[in-house]
Amino acid sequence: MNDDAMHEIVQEFLVETNENLDQLDQDLVALESDPHSRELLGSVFRTIHTVKGTTGFLGFTRLESISHAAENLLSELRDGRLELDQARTDALLEVVDAIRGLLAVIERTGAEDERDLSALVATLERLQSDLPLDQERGRPEATRPEAAAPGRKLVVPPAPKAARRREGRADPAAPGSSPAPAPPADGAASAAPEASPAPGAPVGGPAAEGGEGHRSAAERSVRVDVDLLDSMMAQVGELVLARNQVSAHVEALGDQPLHQTVQRLSMIVSELQESVMKTRMQPVEQLWSKLPRVVRDLAAQFSKRVALEMEGGETELDRSLLEAVKDPLTHLVRNAIDHAIELPQQRLAAGKPETGTLLLRAYHEGGQVVLEVSDDGAGIDPAHIGAKAVERGLVTREQLSSMTEREVVDLIFKPGFSTARTVTNVSGRGVGMDVVRTNVERIGGAVDLSSAPGAGTTVRIKIPLTLAIIPALLVGCRGERYAIPQANLLEMVQLRAEAAESEIERIGGALVYRLRGKLLPLVRLDGLLGYRADVTTVAPEGVSIVVLQADGLLLGVVVDEVFGTEEIVVKPLGRHVKQVPLFAGATILGDGSVALILDVIGVASNAKVEELSESLSGQTVEDDAGGRGQRSTFVLLRVGHARRVAVPLQAVARLEEAPAGAVELAGAGHVMQYRGDLLPLVSLAQILPGEDPAEGADAQAAGGETARSVPVVVYSDGERQLGLVASEILDIVEGVFEVRTVGAAPGVLGSTVVHGHVTDVLDLNAASELAGKDAGRVA
Amino acid sequence: MQYCTFKVDHLLIGIEVWRVQEVIRNQPMTFVPLAPREVRGLINLRGQIVTAIDVRHRLGLPCPPDGSAPMNAVIRLDDEVVSLLVDEAGEVVEPSPESYEPVPSTASPQIRAMCTGTFKLEGSLLLVLDTDSVGRIAADPDGLAARRAS
């Protein structure tokens, strides 16, 4: 046998054995609650036996000695001569870990390392010494263990490589002559020499074969290289695009017979797409298979009692997505055991059963798969979360006081948040829920959490079925079409002009719409995309609003046109375009043209709606009349003698102290030389109502009696930079400011109270306008 | 070394033959808001989405007259395929190495940054385009192509 063939066999062995080990973990944990199950013991025995046979054949002596010792113990257990107790389960699980460790080494280096396993082997031998070692090794056979043929093998622990190899080979070959129904050792045989020829060849893997009928389904399956599946998926994606294009052309031709043929073709393509997609589907069970072991170990580590329940494991999901949610899911399970489920005595004291329940559920909901992790533990105490968030500097006390309970609980998704009272090696390292959320959102999913203090917590992960081909809504903006993934789309709202006029309102330069009594922050897509957009007016033909959900926030995006939905294939962007955070990719539409796919998370963060939305959510329209609190940062200015004016910091480019002499007259207004350009200046004293313009202008232009320099707030109104001239820059303040419309006037949005002083909130748009549209337009 | 030649404004530029995957006529283009200025849009090249780069902009040349339909010189960079927008495609030439000279120091900074040298052909000068430089993302401080679009 040449090296290549050997390598291939080893690879196949690694894949299969790793699968088997997962099964072993599960079976052993299940056995603990049902120690007499012949079926489970048989399954465990067979798996270990298969590992032993194959390793012997491949010459991995350490693996063989350890699996051999385990097999001996198992055969006693299976035949009912020994009871499976905690110590034996532990030892067997240790065997699984040891095998796993060795496999990892083999995968890396191609050979075993020199680790010493004699202690474990000795433990295993001691654990079977409850009865005389009669050296009877039963033939592995699940259905009729009592029919075990004695003395078939003479394998003893470590032995020279060559001898092992021969024996190993003899072993799997032998049961072929056995009359028992499909003895498990066949698995070893098929895993080794016969399975070697080529990837993709039909192999009834050892986990798949066996005497029980329920495993026979797997015998009809074929092992396929994942890369092949991926490339098939990509090709089907191309086919769908080509189909869409053909359909679009035929539509235009109006040829009836051709039209029918294309319709048929289209149907076949859809079916093919579905079938190929199905080949990539795997049951969620696969993802869960490692968890019983995790739960058992963690529960033991924390001295907690946890029962794991699983529902809906047969729910299927694209394998790439399954892979992507693996870590988040494991993290949630760890969190639940570490933080949520209480110690047995605490549970009893709280009137709950001693054993906590961790429930994993998987189900379909609205074209998505929902994975739920719920526990009946302590729940999340908003007060505790809030205190922690303040302590970590994630929010200020003022911000916290204005948040709803739900928003407070949501803080655990903020980066840098970790509530573990002590840092354990399991969770509480500060890379917690935020990573869970990011990972899930990266694949187009969403995470939400609900908790009842004292009663438990439920975390829901919603993920799309597949990523390769996604339904998307096509919208128009400035003559281009953009695709919005439907997973992020909640609904569409179409408003006629007069309705839009009355129902879209402005709050501090932001647009909001009352969606069923709640305020929905709006952003204009053209504005987001960098086009100059007048955010304050409504198009005469009406307004189309696409309501999106991202990051737990609702956002209304105003688009020019809505075209309808299309199945799109996400294609990567080149490096020039990739750097624009608003786009997740591009796709080719039915007419062959390219459309950019909007990255909804990018859109939301770009729209900076978070703060607005947070302060709005939970507030109903009733608040509207009284004004509202809004978390924001302002630059505080003094204008004239005592007037205080606040300018939103986010609009400000720079704060400058210009030497008084730098302010010069140009045309009708004042300008200042600024970074090689002329910066038009707007005197706040001149534009604000109630100030004496002459006084302000004189004081500033001439440098005043006292001022050596002029404070200038440089800001951009989207097309040019302007400088606001104040008398003094007082402070930068952050907090929740209730802007009341009391003082509203041209150039002033309203008033608020900062540091105990009534302060005008400047309307920058109006300020620009008041300054004169053409005042010193900078080229 | 053989070069594919292209006309860009008044210049004749050359790209190594092996770099050029194909030359195709003007394609419908999708505008990319907020992209760097040199990105003119995206084209559909038989199902592959390719970024079209404005060579005129990279060379600091004036914008093409309205209604002109630039051609796409599709070239291979290290990790992706891009289209360079050129006015016209010319023939393939193999200039003699003796006719080579560095780019004159009087040429504009953009041309000197984007070209590796010149060949003195009969009746014209061939500027050898440094495709890696052309394909590199330009530092574009206020970077929003949309400003230009509005």
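All residue numbers refer to position in the chain's written sequence, counted from 1. Chain labels run from A onward and ligand labels from 1 onward, assigned in the order the entries are written. In keeping with the model being predicted, local features are shown solely for residues with a pLDDT of at least 70 and side-chain atom pairs are shown and tallied solely at 80 or more, while totals for entire chains, interfaces and linings include all residues. Excluded from the side-chain calculations are hydrogens and water; all other atoms, namely the structure's heavy atoms, are used.

**As for the nonpolar core**
Residues and elements named next belong to chain A. To keep it simple, the criterion reads: Residues grouped as a nonpolar core are buried Ala, Val, Leu, Ile, Met, Phe, Trp, Tyr and Cys residues, joined through side-chain atoms within 4.5 Å. The buried label goes to any residue with under 20% of its type's maximum accessible area, the exposed label to any with over 50%, and the partly exposed label to all in between, with areas taken from a 1.4 Å probe on protein chains only. By definition, any uninterrupted DSSP run of H or I lasting at least four residues is a helix, any uninterrupted run of E lasting at least two residues is a strand, and each is numbered from the N terminus.
Counting 48 residues, the largest nonpolar core has Leu-371 and Ile-463 as the members making the most contacts within it. When residues in this core are grouped by element, the largest group, eight residues, is from helix H12 (residues 319-340). Grouped together as the second largest cluster of nonpolar side chains are 45 residues, Val-475, Ile-484, Ile-588 and Val-594 included.

**Things to note about the packing of aromatic side chains**
Threshold: Centre distance within 6.5 Å is the pairing criterion for rings of Phe, Tyr and Trp, where only the six-membered ring of Trp is used; planes under 30 degrees apart are then read as stacked, over 60 as edge-to-face, and the remainder as tilted. The rule for a charge over a ring is simple: NZ of Lys or CZ of Arg within 6 Å of the ring centre, and within 35 degrees of the ring normal.
Across all of its chains, the model carries four aromatic pairs over all chains by this definition. One aromatic cluster in this structure is built from Tyr3(B), Tyr100(B) and Phe119(B). Positioned above the aromatic ring of Phe302(A), the side-chain terminus of Lys304(A) is 5.7 Å from the ring centre. Positioned above the aromatic ring of Phe413(A), the side-chain terminus of Arg437(A) is 4.0 Å from the ring centre.

**So, the sheet that holds strand E7 (residues 456-464) of chain A**
Residues and elements named next belong to chain A. For clarity, the cut-off: Two strands qualify as a pair provided DSSP detects at least 2 bridges between them. For every element, the axis is a line fit to its C-alpha atoms; helices are fit only across the contacting stretch, and the angle between N-to-C directions ranges from 0 to 180 degrees.
Read from one edge of the open sheet, five strands run E2-E4-E5-E7-E6, paired in mixed fashion. Because the sheet does not close on itself, it has two edges, and the strands there are strand E2 (306-311) and strand E6 (446-452). With direction set aside, neighbouring strand axes in the sheet form an average angle of 15°. Relative to E7, E6 is paired through seven bridges, and the arrangement is antiparallel.

**Brief notes about the confidence of the model for chain B**
Residues and elements named next belong to chain B. Short version of the rule: For every residue, the predictor assigns a confidence score, pLDDT, that lies between 0 and 100. Only heavy atoms enter the contact rule, under which two residues are in contact if any of them lie within 4.5 Å.
For chain B, the mean per-residue pLDDT works out to 86, and 91% of the residues sit at or above 70. Taken as a whole, residues 140-150 scores under 50 in pLDDT and shows 27 contacts with residues more than four places along the chain or in a different chain. At the level of chain-chain contacts, confidence expressed as ipTM amounts to 0.87, with global pTM at 0.48.

**Structural notes on the sheet that holds strand E8 (residues 469-477) of chain A**
Residues and elements named next belong to chain A. The strand order across the open sheet formed by five strands is E16-E8-E9-E18-E17, and the pairing between neighbours is mixed. The open sheet has two free edges, formed respectively by strand E16 (561-569) and strand E17 (583-588), since each of these has just one partner strand. Direction aside, the axes of adjacent strands within the sheet are offset by 35° on average. The sheet contact formed by E8 and strand E9 (residues 480-485) spans six bridges and is antiparallel. When the bridges of E9 are listed, Leu-473 appears paired with Ile-484. Lying over the sheet, helix H8 (residues 226-253) contacts E8, E16 and E17, oriented at roughly 140° with respect to E16.

**Things to note about the pattern of salt bridges**
All names here are of chain A. Applied cut-off: Note on definitions: salt bridges are taken to be side-chain nitrogens of Lys or Arg within 4 Å of carboxyl oxygens of Asp or Glu.
If you walk through the whole model with that rule in mind, you get 32 salt bridges over all chains. Notably, a salt bridge pairs Glu-391 with Lys-388, separated by 3.8 Å at the nearest N-O pair. Remark: Lys-388 and Glu-391 occur in helix H14 (residues 382-391); sequence separation between them is three residues, near one turn of the helix. Note on Lys-388: relative accessible area 14%, which makes it buried. Put simply, Asp-526 and Arg-524 hold a salt bridge, and the shortest N to O gap is 2.9 Å.

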